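Descriptive structure summary
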Amino acid sequence: MAMILDVYKCPKCGNVMTVLNSEVPGTPPSCCYLRDPNDPADLDRKERVTMAKLDEKSGDVLTEKHVPFIEKQGNGIRITMGKPALHPMLADHYIQWVEVVTKDDRSYRKFLLPGQQPIASFEVKLDDVARVREFCTLHDLWRS
Ligand SMILES: [Fe+2]
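This part is about the overall build of the chain. The helix and strand tally for the chain stands at zero helices and 12 strands. In sequence order, the chain lays out its α and β elements as β-β-β-β-β-β-β-β-β-β-β-β. In terms of principal-axis extent, the alpha carbons of the chain reach across some 60 × 35 × 25 Å. Out of the 144 residues in the chain, the part that is buried amounts to 22%. Considering only contacts in the chain between residues 6 or more positions apart, those separated by 24 or more positions represent 48%.

And the structure:
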């Protein structure tokens, strides 16, 4: 069953979604039609592709550029993907979003664009952070 804040990806089109409610009938979620658009005999086919739940990958924050590096910044936190060598922020490979989940189940997300730095600041106390996740357009979901 899909759980709140689970992240799913369509293996056909690459669409990514975050679950905002649980206990939805028919989960896991589905996306594209399986039918072949070039086959007229396939037009009535109703089956859809089942989206794949993305694992939250992790690793050594000092060597793995995808693992969010969290540090205190004033009254909040600063998150860097790749420290000291930053994760690439190219058109075909970049950190698309960074999310902070707090111990009281709040979720804060910042979206990034190619060319920006893979760094995000949040007005969240370091002690309140339960986990930080980021989504790479090429390497999917990571957490610290
Ligand atoms: Fe990446």
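What follows deals with the nonpolar core. Ile79, Ile95, Val98, Leu112 and Ala120 are the most contacted members of the largest nonpolar core, which totals 19 residues. For this core, the secondary structure elements donating two or more residues are strand 1 (7-9), strand 7 (76-81), strand 8 (95-102), strand 10 (119-122), strand 11 (129-136) and strand 12 (140-143). The two domains that each donate at least three residues to this core are domain 1 (7-53) and domain 2 (68-143). Excluding residues within four positions of it along the chain, Ile95 makes contact with Met81, His87, Met89, Leu112, Pro118, Glu134 and Cys136.

Turning our eyes to something else, we now look at the pairing of strand 11. Where strand 8 lies against strand 11, seven bridges are found, and the strand directions are antiparallel. Among the inter-strand pairings, Val98 is bridged to a residue of strand 11, identified as Glu134. One ladder, built from four bridges, connects strand 11 with strand 12; its direction is antiparallel. Opposite Glu134, over in strand 12, you have Trp142 as the bridge partner. Joining the antiparallel neighbours strand 11 and strand 12 is a turn of three residues.

Position of Ile4 among the secondary structure elements: in the segment before strand 1. Residues Ile4 and Thr18, spaced 14 residues apart in sequence, show a C-alpha to C-alpha distance of 7.7 Å. Discounting residues that sit within four places of it in the chain, Ile4 has contacts with Val19, Leu20, Asn21 and Ser22.

A few words on the sheet that holds strand 7. Taken in spatial order, the three strands line up as 6-7-10 in an open sheet, and their pairing is antiparallel. Two strands in the sheet have a free side with no partner beyond their single neighbour: strand 6 (68-73) and strand 10. Neighbour to neighbour, the strand axes of the sheet diverge by 20° on average, direction disregarded. Where strand 7 meets strand 10, four bridges bridge the pair, whose relative direction is antiparallel. Note on strand 10: the bridge partner recorded for Thr80 is Ile119.

Here is what the cut-offs are and how they apply
- Residues numbered from 1 in each chain as written.
- Predicted model: local features only at pLDDT ≥ 70, side-chain atom pairs only at ≥ 80, totals over all residues.
- Helix = DSSP H or I, 4+ residues; strand = E, 2+ residues; numbered from the N terminus.
- Buried ≥ 20, exposed ≤ 12 C-beta atoms within 10 Å, placed from the backbone.
- Contact = placed C-beta atoms within 7 Å.
- Core = buried A, V, L, I, M, F, W, Y, C linked by C-beta atoms within 7 Å.
- Domains from an automatic or database assignment.
- Pairing = 2+ DSSP bridges.
- Axes fitted to C-alpha atoms, helices over the stretch in contact; angles between N-to-C directions.

Geometric descriptors of this kind do not, in isolation, establish any biological role.
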